[in-house]
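Structural features, examined
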Amino acid sequence: MRILGIESSCDDTAAAVYDSAAGLLSNVVASQVPVHETYGGVVPELASREHIRAIVPVVEQALGKAASEREEIDGVAATAGPGLIGSLLVGLCFAKSLAFAWRKPIFGVDHLEAHLFAIFLEGRPDFPYIALLVSGGHTSLFRVEGFDAVAILGGTRDDAAGEAFDKAAKQLGLGYPGGVAIDRLARLGDPLRFPFPRAWLSPGSADFSFSGLKTSLRTFLASPEGKAARPEDIAASFQEAVVEVLAGKALSAAKREGIPRIVLAGGVAANSRLRERIGEDGKTAGVEVHLPSRALCTDNAAMVAFLGERRLSAGWSSALDLNAYAASRFSR
Ligand code: KG4
Ligand code: ZN
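The model shown is predicted, which means the values in this text are computed figures rather than measured ones.

Here's the deal with the coordination of the zinc ion (ligand 2)
Here the zinc ion (ligand 2) is held by the protein donor atoms His-111 (NE2), His-115 (NE2) and Asp-299 (OD), which lie 2.1 Å from it. The sequence motif formed by the donor residues of the zinc ion (ligand 2) is H-x3-H-x183-D. Of the two residues, His-111 and His-115 both sit in helix α4 (residues 111-117), four residues apart, roughly one turn of that helix. When its relative accessible area of 1% is taken as the criterion, His-115 is described as buried.

Comments concerning the sheet that holds strand β5 (residues 106-110)
Taking strand neighbours across the sheet as the criterion, the five strands line up as β3-β2-β1-β4-β5 in an open arrangement whose pairing is mixed. Edge positions in the open sheet fall to β3 (23-31) and β5, since each of these has one partner strand only. Ignoring strand direction, the axes of neighbouring strands in this sheet form an average angle of 20°. Helix α3 (residues 85-102) rests against β1 (2-7), β4 (75-81) and β5 of the sheet, and its axis sits at about 155° to β4. Set on the sheet, helix α12 (residues 302-313) makes contact with β1, β2 (12-19), β3, β4 and β5; between it and β1 the angle comes to about 135°.

Regarding the pairing of strand β9 (residues 261-265)
Summarising burial for β9: five of the five residues are buried, a large majority. Side chains of β9 alternate between two faces, with Arg-261, Val-263 and Ala-265 and Ile-262 and Leu-264 buried alike. Where strand β6 (residues 129-134) lies against β9, four bridges are found, and the strand directions are parallel. The residue bridging Leu-132 from the neighbouring strand is Leu-264, located in β9. Relative to strand β10 (residues 288-290), β9 runs parallel, the two being bridged by three bridges. Bridging across to β10, Ile-262 finds its partner in Val-289. Read as a crossover between parallel neighbours, the route from β9 over helix α10 (residues 272-285) to β10 is right-handed.

Let's talk about the packing of aromatic side chains
Across all of its chains, the model carries 15 aromatic pairs by this definition. Considering the side-chain rings of Tyr-18 and Phe-306, the 5.3 Å spacing of their centres and the 85° angle between planes classify their relative orientation as edge-to-face. Highlighted residues: Tyr-18 in strand β2 and Phe-306 in helix α12, separated in sequence by 288 residues. With respect to burial, Tyr-18 and Phe-306 carry one shared label: buried. Arranged with centres 5.6 Å apart and planes meeting at 15°, the rings of Phe-127 and Tyr-129 form a pair that is stacked. Put simply, the rings of Tyr-18, Phe-117, Phe-120, Phe-127, Tyr-129, Phe-147 and Phe-306 pair up and form one aromatic cluster. Looking at Arg-310, its charged tip hangs above the ring of Phe-147, at a distance of 3.7 Å from the centre. Seen from the ring of Trp-316, Arg-311 lies directly overhead, with NZ or CZ sitting 4.6 Å from the centre.

Regarding the site of ligand 1
Neighbouring ligand 1 are 19 residues, the closest being Gly-136, Asp-166, Asp-183, Gly-267 and Asp-299. Contact distances for ligand 1 include 3.0 Å between an oxygen atom and a backbone N or O atom of Gly-267. Asp-299 places a side-chain nitrogen or oxygen 3.0 Å from an oxygen atom of ligand 1. Contributions of two or more residues to the shell around ligand 1 are made by α4, α5 (161-171) and α6 (178-186). Taken together, the residues of the shell around ligand 1 sort by class into five nonpolar, eleven polar and three charged.

Overview of the pairing of strand β8 (residues 149-155)
Both strand β7 (residues 139-146) and β8 contribute to a ladder of six bridges, which runs antiparallel. In the strand pairing of β8, Val-144 is matched with Val-150.

Quick notes on the state of the cysteines
Summed over the entire model, instances satisfying the criterion amount to zero disulfides. For Cys-297, which is in no disulfide, the shortest distance to another cysteine sulfur is to Cys-10 and amounts to 16 Å.

Focus: the environment of Gly-64
Locating Gly-64 in the fold gives a position in helix α2 (residues 44-65). In sequence terms Gly-64 and Val-17 are 47 residues apart; their C-alpha atoms lie 9.8 Å from each other.

Considering the sheet that holds β6
Spatially, β8-β7-β6-β9-β10 is the arrangement adopted by the five strands of the open sheet, whose pairing is mixed. What marks the edges here is a single partner per strand, and that holds for β8 and β10. Ignoring which end each strand starts from, the neighbouring axes of this sheet average 25° apart. Running over the sheet, helix α9 (residues 231-257) touches β6, β7, β8 and β9 and is turned about 155° from β6.

Calculation rules
Residues numbered from 1 in each chain as written. Chains lettered and ligands numbered in written order. Predicted model: local features only at pLDDT ≥ 70, side-chain atom pairs only at ≥ 80, totals over all residues. Heavy atoms only, no water. Donors = N, O, S within 2.8 Å, 3.2 Å for Na, K, Ca; no water. Helix = DSSP H or I, 4+ residues; strand = E, 2+ residues; numbered from the N terminus. Buried < 20%, exposed > 50% of the residue type's maximum accessible area, 1.4 Å probe, protein only. Pairing = 2+ DSSP bridges. Axes fitted to C-alpha atoms, helices over the stretch in contact; angles between N-to-C directions. Contact = heavy atoms within 4.5 Å. Right-handed = clockwise from strand over helix to strand, strands pointing away. Phe/Tyr/Trp six-rings, centres within 6.5 Å; stacked < 30°, edge-to-face > 60°. Lys NZ or Arg CZ within 6 Å of the ring centre and 35° of its normal. Near = heavy atom within 4 Å. Polar contact = N/O pair within 3.5 Å; in protein donor to acceptor, adjacent residues only side chain to side chain. Nonpolar A, V, L, I, M, F, W, Y, C, P; charged D, E, K, R; others polar. Disulfide = S-S within 2.5 Å.

Interpretation note: all reported values are geometric properties and have no functional meaning in isolation.
Take a look at the structure:
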């Protein structure tokens, strides 16, 4: 089966073609960074308008790169939620129109669930695995037993890890998008220079909290010590505080659940220090760590096409009255 996937949940317009036999045939992402960077974050109304502008060329490019005519597409998959409603509606309504016009089945994919299986575009980790999903809107741990057996173990009680990175970058004047800017600057700094707090919560808790860290950074920056500190040391120390908790809690969950396998997912999984730290700590603990390439960590339509292919080829499909949603059953 050959599936066209469409993703527009936030500020990336993306389309991809995945084929059951040949694998990923194309993966196109149009970024809106230049539109939002002047505002220091995603402006929902502008995001929707940009999706409207980009959706046709992006889908055409994905079909072109996959050398696929519409007759060769067997079904359409699109992100239905969670995300910004205006943004989601652009991709989803476009996908529904294509499915209707082409008389093909459609499947509405959950964006978080798609992230959890993105690793299958590059490898085949055994089930079960612990998934650490870290993105701009979510930070959660899951026990993944199979393609339709996912249990949530814990999630953030306040900010998501990506949100923490983005807000810290703003405070440091590094602009938007923040995560990648901190990642880059932190390479030049000392991660142990400033002891920012790590919120472990109660022993054994698989929940996260990053709001205290955010406040601590703000207080530090306003202090004489903070004003005199080198930005690269602040970035590295802040990043280390986030990464230590993410890696530590993922490994504890693996140990507690008796599962020697962790899969990373979501935009923050592109962070170099997180990849390095969880890889090292996993090796020490005898836990396999699977890292998708960076392009498959951040938002993309390849993961949507992949999960759509699994669902549609298993005979699942959505009705054309399928609607976009803001809250997912994979988040708490
Ligand atoms: O998964 P994603 O592309 O979109 C959402 O579904 O949220 O994740 C975006 C988040 C942003 O907060 C961004 O700052 C963060 O991922 N991010 C990073 C890095 N690359 C992206 N955070 C830390 N280090 C990075 N290299
Ligand atoms: Zn995402």
